[in-house]
Amino acid sequence: MNHTEQVRCAGPSPLGENGYRTGLRWNTTSRARARAAEVIAEYRAAHTEVVRDVHLHSEWAAHAVRSPDLLRAVQDTIGGSVAVENTFLMIKWPGRDFPVPWHQDGINPQLQLDPELSVAAWLAVTDASTVNGCLQVIPGSHAAGYLGYGREKGDARRGNALGVQGMPDGPHEQAVWLPLNAGQACLMDVRLIHRSDSNTTGGARIGLNIRYVAPGAVRSSGAHSPSLYPLTGPGWCAPQGTTEDREEHHRDHPRNQRPTDHARPRPHGRGC
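Source: prediction; values computed, not measured.

Caption draft 1: Region of the structure containing unusual backbone geometry. For His47, which is not glycine, the phi torsion reads 50° and is therefore positive. Inspection of the secondary structure puts His47 in the loop between helix 1 (29-43) and strand 2 (50-52). On the basis of relative accessible area, His47 is assigned to the partly exposed category, the value being 33%. Notably, Asp53 is not glycine yet its phi reads approximately 50°, a positive angle. Tracing the sequence through the fold places Asp53 in the loop between strand 2 and helix 2 (59-64).

Put into structure tokens, the structure is as follows:
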């Protein structure tokens, strides 16, 4: 998707004025740390830093994206029909230079996500602190919509993040830190500007990034066809991004219906 085709999508967020929500949990602290130990054992030898679509080949990650408490919060935000569009497992090994520049999760050259029908989640697999590379966000930055981006120069094994154009990397006077304990999670508007620092501690910092979407959320570029991993609800046979698909989901959005019991999650079958 080139910048002339980009839809800016400026405006309010389903997550409120700040554009993010904390206080969520995807697992207990002890179980999350057990998963972290498994990840470290699996990837330590090669010092792998980025694992794409880990939910498709790791049982623990497939369970994590369906965590009931997390999924309820996602449904509260984008409606009852939810799929995973993408996951990234990010491992910041101790002492390695691995900052992630200021960026937005909902846009890249292949697609753009409708911010009313999508939400990003960040799951702490280890503790995430200000010294090992926890998230930094700029509250309210989603309201400006999608901004121009450029690809960073970096290690090809990691992939090159799409940083916000004209925005120097490093601390920002309006930014806040989002430290999380292992097992905790946060949700972010897909337009929210955020980053993370390198890990300066003696242990690995591991986070799982997830992009959740509702039917009609994905605006694809050219021949790109998103591969979605449905979790709950109907609507996943319809072509993504069509007007009919968006209108059908709009009727099911939590802001447009009376409260009901949440659907139970059922299996089906680069960030910070």
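Caption draft 2: Representation of the pattern of salt bridges within the structure. Scanning all chains against the criterion turns up seven salt bridges. Two residues, Arg35 and Glu38, come together in a salt bridge whose shortest N-O distance is 3.0 Å. Pair noted here: Arg35 and Glu38 are both in helix 1, with a separation of three residues, about one helical turn. The shortest N-O distance in the salt bridge between Glu85 and Arg211 comes to 2.6 Å. In this pair, Glu85 is assigned in strand 3 (residues 82-92) and Arg211 in strand 14 (residues 205-213), connecting sequence segments 126 residues apart.

Caption draft 3: Region of the structure containing the packing of aromatic side chains. Under the defined criterion, the tally for this structure stands at one aromatic pair. A centroid spacing of 6.2 Å and a plane angle of 45° characterise the contact between Trp26 and Trp60, whose relative ring orientation is tilted. Residue Trp26 is found in the loop between strand 1 (20-25) and helix 1, and its partner Trp60 is found in helix 2; the two are separated by 34 residues along the sequence. Residues Trp26 and Trp60 agree in their burial class; the two are buried. Just above the ring of Phe98 sits the side chain of Lys92; from NZ or CZ to the centre is 4.8 Å.

Caption draft 4: Summary view of the side chain of Ser81. Relative to the helices and strands, Ser81 resides in the loop between helix 3 (68-78) and strand 3. Look at Ser81 and you get buried, because its relative accessible area is 5%. Looking at Ser81, its side chain comes within polar contact range of the main-chain oxygen of Pro234, at 2.8 Å.

Scoring rules and cut-offs
- Residues numbered from 1 in each chain as written.
- Predicted model: local features only at pLDDT ≥ 70, side-chain atom pairs only at ≥ 80, totals over all residues.
- Heavy atoms only, no water.
- Helix = DSSP H or I, 4+ residues; strand = E, 2+ residues; numbered from the N terminus.
- Buried < 20%, exposed > 50% of the residue type's maximum accessible area, 1.4 Å probe, protein only.
- Salt bridge = Lys/Arg side-chain N within 4 Å of Asp/Glu carboxyl O.
- Phe/Tyr/Trp six-rings, centres within 6.5 Å; stacked < 30°, edge-to-face > 60°.
- Lys NZ or Arg CZ within 6 Å of the ring centre and 35° of its normal.
- Polar contact = N/O pair within 3.5 Å; in protein donor to acceptor, adjacent residues only side chain to side chain.

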